[in-house]
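If you want the building blocks of each chain, they are given just below.
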Amino acid sequence: MFLEGETASSDLGICNLLAKKFSSVFTTDLISADQIANAVRNVPSLNASLNMIAIEEETILKATAKMKNSLSSGPDGIPATFLIRFMPHLLFPIKRIFQASLDRAVYPSLWKDAYMFPVHKKGDKRDINNYRGISALCAIAKLFELVILDPIFSFCKEYFSNDQHGFMPKRSTSTNLMNFTSYVQESFTAGIQTDAIYTDLSAAFDKVNHELAIAKLERLGICGCLLNWFRSYLIGRKLTVRTKDSYSRQFPATSGVPQGSHLGPIVFLIYFNDALLLLDGPKLAYADDLKLFNVIKGPEDTAALQRQFDLFATWCNNNCLALNRNKCPVITFSRKRHPISADYFLSDHLIARVNHIKDLGVILDQKLDFKTHTNYIVDKASRCLGFIFRVTKDFRDVYCLKSLYCSLVRSILEYASAVWSPFYQNGADRIEALQRRFMRYALRHLNWSDPFHLPSYENRCNLISLDTLQARRAVTRALFVSDILTTKIDCPSLLESINISVRPQGLRNRNLQLYTPLRQNNYGANSALIGVIKTFNRYSEHFDFGTSRDSFRRKILIAFRSRIHTGRDAWIGRTSRIG
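Residues numbered from 1 in each chain as written. Predicted model: local features only at pLDDT ≥ 70, side-chain atom pairs only at ≥ 80, totals over all residues. Heavy atoms only, no water.

Here's the deal with the overall build of the protein chain
Rules: Helix and strand assignments come from DSSP, with helices taken as H or I runs of at least 4 residues and strands as E runs of at least 2, each series counted from the N terminus. The reference for a compact globule is 2.2 Å times residues^0.38; the radius of gyration itself is calculated from the C-alpha atoms. Per-residue accessibility, obtained with a 1.4 Å probe over protein chains only, is compared with the maximum for each type, and a residue is labelled buried under 20%, exposed over 50%, and partly exposed between these values. Whether two residues are in contact is decided by their heavy atoms, any of which lying within 4.5 Å being enough. In these tables, accessible area is a Shrake-Rupley quantity obtained with a 1.4 Å probe, and a residue counts as shielded only by the protein chains included in the view. Only four residue types enter the tally: Lys and Arg on the positive side, Asp and Glu on the negative side; His and the chain ends are excluded. Where a charge lies is defined by one atom per residue type, namely NZ (Lys), CZ (Arg), CG (Asp) and CD (Glu).
Tallying secondary structure elements over the protein chain gives 20 helices and 16 strands in all. A globule of 579 residues ought to have a C-alpha radius of gyration of about 25 Å, and the protein chain, at 27 Å, matches this closely. Across its three principal axes, the protein chain shows a C-alpha extent of roughly 85 × 65 × 60 Å. Residues counted as buried form 50% of the 579 residues belonging to the protein chain. Taking all contacts inside the protein chain whose residues are at least 6 apart in sequence as the whole, residues at least 24 apart take part in 72%. Carbon together with sulfur atoms contributes 51% to the accessible area of the protein chain, which is approximately 28900 Å² in total. With 74 positive and 52 negative side-chain charges, the protein chain shows a separation of 7 Å between the mean positions of the two kinds.

As structure tokens, then:
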């Protein structure tokens, strides 16, 4: 493997090259008091303070229940499964250690050590630059972070912007994309285009300045021993790259938040959040992935979007973060033949213009019809399905094949499907064809009584308790709306977009129905948000605020199957009459 002219072939040499690469992303810049004051001036001061957290045994037990039952261990050699299994015997000493750490404002130095494992991103696998590091922390340190995570988040949650969807409870990539696509579709309805600038920060989590992070925590109201504990938690961390049985030289993490931790993301959100408060235009963020957008009616709108971009670039400079100018594209969403074309700049650098972009795993094209995304996931899932076929030629257990299919193939076809679900049947058929292909392979060893007249596709899926992809998408879309109504999704902008349709009192049908605005074209009438509302309305008779989510899900599946069979029987009746 090679890195900038250096080459290594032994495990130890490769480890050290990886360590050189991973250590280079950290910064050692010292900043003055004036720079700190300038950077934190936009952080609001909360009308409260938090200087201590009391550790309770019940809290430790709840945190232990959230841990993954893993056999791998960090530098201390203690796996998570050991803590989970023997927690009743370890509870008292662990509580004493955790409380002593908080009282003395000292984070144990052994828990600051971590192993880093290289993960290939893309490109040449021999090039060290194409790898990123994943940290493996001590299990007991992760338990400690879980214990104090809820009090910290509860104290800071009112500070976080509603535009932030990353690492936020009850929000996800789907809520981020649903907000954005709804904004774009509304501009389509008004006959206006939307320009969006996607920003990319270079190694954002690794470049967080510790002094700035502490200053922002203090500004929020975290003080006393707890503030000093956070300083001890962030500063003095050491990393070692591990591949196979080889270990690199140890190197310090002079900046950044510990990746793979539970507190690290919260510290980063606090660090990043004042950027969202500073920007007054439309924007959405998922952790450090920020997109700035605006409807474009004329030059004044493009100038406003450029000002927002300049403002964010200035914020990055003040907060020791760097924008990657080669990965900050702009895209115009429009259904006009001749949209307004404007140039946007990062300093003096003209940022690239693209006709489609991958946004949080979903490919968005200029017309927002998701055809490019459908082609992408069908091609990717087909390759993965072919891989399963090649390596399982001798498999006889159909449920083992089902597990592989669901984890490796179906997950690709269903990611964020509430946002991009096709409303034309040809798109749905292309996706369903992959599961049909899998069913033919999985059931190839069954001795059918009449192999020339097989059961229907739906009945064959029922043999191994597998729902059709179309049914699962209907469930996902209806549940998305029910989760908003029952606050399982915490997204005020989406909740404001849902209106209950009030019917005349004389009607007997008392089912909850949501208002669906009229649109003059198919893409408007089947936009992401209107589409999920329409799906919910089809099954709203089964919804009740007192009904559990699983119960609602089962009722939707039963109703969907009933609709399918009713439609098929009606079709058979029509064809028999024609005959």
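As for the confidence of the model for the protein chain
Defined as follows: Confidence of the prediction at every residue is given by pLDDT, a number between 0 and 100.
Looking at the protein chain as a whole, the pLDDT averages 91, with 96% of positions reaching at least 70. Per-element confidence in the protein chain ranges from a low mean pLDDT of 67 for helix α20 (residues 549–578) to a high of 97 for strand β9 (residues 283–286). Long-range and interchain partners of residues 567–579, a stretch whose pLDDT sits below 50, account for 1 contact in this model, where long-range means more than four residues apart.

Some words on the nonpolar core
Just so we agree on the cut-off: The criterion is simple. A nonpolar core is a set of buried Ala, Val, Leu, Ile, Met, Phe, Trp, Tyr and Cys residues joined through side-chain atoms within 4.5 Å.
Ranked by size, the top nonpolar core spans 87 residues in total, and within it Phe98, Trp229, Phe230 and Phe312 carry the most contacts. Sorting elements by how many residues they give to this core places helix α5 (residues 139–156) first, with 13 residues. Those residues in contact with Phe230, other than ones at most four positions away along the chain, are Ile152, Ile214, Leu217, Ile222, Leu263 and Val267. Core analysis: the second largest hydrophobic core is formed by 74 residues, Ile357, Ile464, Leu469 and Phe543 among them.

Notes on the sheet that holds strand β11 (residues 330–333)
Condition: Should DSSP find at least two bridges between two strands, the strands are taken to pair. Fitting a line to C-alpha atoms yields each axis, with helices limited to the stretch in contact; the angle taken between N-to-C directions then spans 0 to 180 degrees.
Spatial ordering of the open sheet is given by β9-β10-β5-β11-β14, a layout of 5 strands whose pairing is mixed. Edge positions in the sheet fall to β9 and β14 (353–354), since each has one partner strand and no second. Relative to β14, β11 is paired through 2 bridges, and the arrangement is parallel. Bridge pairing in β14 links Ile331 to Val354. Sitting on the sheet, helix α6 (residues 173–189) is in contact with β5 (193–198), β9, β10 (289–296) and β11, with an inclination near 15 degrees to β10.

A word on a nonpolar patch on the surface
Here is the rule: Candidates for patches are residues over 30% relative accessible area with no salt bridge; among them, like charges are joined within 9 Å and nonpolar side chains (Val, Leu, Ile, Met, Phe, Trp, Tyr) within 5 Å. By convention in these notes, a salt bridge is any Lys or Arg side-chain nitrogen within 4 Å of a carboxyl oxygen on Asp or Glu.
A grouping of Ile78, Phe82 and Phe86 is seen on the molecular surface, where their side chains present a nonpolar patch of about 220 Å² in accessible area. With respect to the helices and strands, the residue Ile78 is situated in the loop between α3 (57–66) and α4 (80–104).

As for helix α10 (residues 299–318)
To keep it simple, the criterion reads: Working rule for helices: expected span equals 1.5 Å times residues minus one.
Between its first and last C-alpha, α10 extends 29 Å over 20 residues, near the 28 Å set by a 1.5 Å rise per residue. All buried positions along α10 are accounted for by Asp301, Thr302, Leu305, Gln306, Gln308, Phe309, Phe312, Ala313, Trp315 and Cys316. Against β5, α7 (210–220), α9 (263–278), β10 and β12 (345–346) lie the buried residues of α10. Two residues or fewer past α10, Cys320 is found with a positive phi of approximately 60 degrees.

Description of the side chain of Asp288
Among the secondary structure elements, Asp288 is positioned in the loop between β9 and β10. Buried within the structure, Asp288 lacks any salt-bridge partner; Lys327 is the closest side chain of opposite charge, at an N-O distance of 11 Å. Here Asp288 is in contact with Leu201, Ala204, Phe205, Phe268 and Phe272, once residues within four sequence places are set aside.

Quick word on the packing of aromatic side chains
A ring pair, where both rings are aromatic, is described by two values, the distance of the centres and the angle of the planes. Basically, it comes down to this: When the centres of two rings from Phe, Tyr and Trp lie within 6.5 Å, Trp using its six-membered ring, the rings pair. Their planes under 30 degrees apart give stacked, over 60 give edge-to-face, and anything left gives tilted. Our definition puts a charge over a ring when NZ of Lys or CZ of Arg is within 6 Å of the ring centre and also within 35 degrees of the ring normal.
In this structure the tally under the stated criterion is 32 aromatic pairs. When the centroid spacing of 6.1 Å and the interplanar angle of 80 degrees are considered together, the rings of Phe98 and Trp111 count as edge-to-face. Within this pair, whereas Phe98 is found in helix α4, its partner Trp111 is found in the loop between α4 and β3 (113–120), the two being separated by 13 residues in sequence. On the basis of an interplanar angle of 75 degrees and a centroid distance of 6.1 Å, the ring pair of Phe167 and Phe205 is categorised as edge-to-face. One end of the pair, Phe167, is in the loop between α5 and α6; the other, Phe205, is in the loop between β5 and α7, and 38 residues separate them in sequence. Looking at Phe167, the relative accessible area reads 41%, which means it is partly exposed. Look at Phe205 and you get buried, because its relative accessible area is 15%. Taken together, the ring pairs in this structure connect Phe98, Tyr107, Trp111, Phe144, Trp229, Phe230 and Tyr233 into an aromatic cluster. Across the ring face of Tyr271, the terminal group of Lys216 is positioned such that the distance to the ring centre comes to 4.4 Å. Above the face of the Phe180 ring, Lys291 is positioned so that its terminal group lies 5.4 Å from the ring centre.

Points about the pattern of salt bridges
The final tally for this structure, using the stated rule, is 15 salt bridges. A salt bridge links Lys66 to Asp150, with the nearest nitrogen and oxygen atoms 3.6 Å apart. Residue Lys66 is found in helix α3, and its partner Asp150 is found in helix α5; the two are separated by 84 residues along the sequence. Taken together, the shared-partner salt bridges in this structure form one network comprising Arg410, Glu414 and Arg472.

Concerning the packing of α6 against helix α19 (residues 528–538)
Heads up, the condition is: An angle below 35 degrees is read as roughly parallel, one above 145 as roughly antiparallel, one from 65 to 115 as roughly perpendicular, and any other as oblique. Note on residue categories: nonpolar means Ala, Val, Leu, Ile, Met, Phe, Trp, Tyr, Cys or Pro, charged means Asp, Glu, Lys or Arg, and polar means any other residue, Gly included.
At their nearest, the axes of α6 and α19 sit 8 Å apart, and the two run at 110 degrees to each other. Between α6 and α19, the angle is such that the two are roughly perpendicular. Taking contact as the criterion, the partners of Met178, Thr181 and Ser182 in α6 are, on α19, Ala528, Leu529 and Val532. For the contact of α6 with α19, the per-class residue count stands at 4 nonpolar, 2 polar and no charged.

Description of α5
The condition is simple: To get the bend at a residue, fit one axis to the 7 residues ending there and another to the 7 starting there, then take the angle between the axes.
With 18 residues, α5 should reach 26 Å at 1.5 Å per residue; the first-to-last C-alpha distance of 25 Å fits that figure. The principal kink in α5, of about 40 degrees, is found at Ile148, preceding the proline Pro151 by one to four residues. Across the 18 residues of α5, 14 count as buried, placing the element largely inside the fold.

Considering unusual backbone geometry
Most peptide bonds adopt trans geometry, and most residues besides glycine take a negative phi value. In this model, Lys244 sits at a positive phi of 55 degrees, which is unusual for a non-glycine residue. Mapped onto the elements of the fold, Lys244 is located in the loop between β6 (237–243) and β7 (246–247). You can call Lys244 exposed: its relative accessible area is 65%. One non-glycine residue, Ala416, lies in positive phi territory at about 55 degrees. Overall, the relative accessible area of 8% leaves Ala416 in the buried class.

Structural notes on the environment of Ala204
Its place among the elements puts Ala204 in the loop between β5 and α7. With 157 residues separating them in the primary sequence, Ala204 and Asn47 have C-alpha atoms 29 Å apart. In this structure Ala204 touches Phe268, Asp288 and Leu321, once residues within four positions along its chain are discounted.

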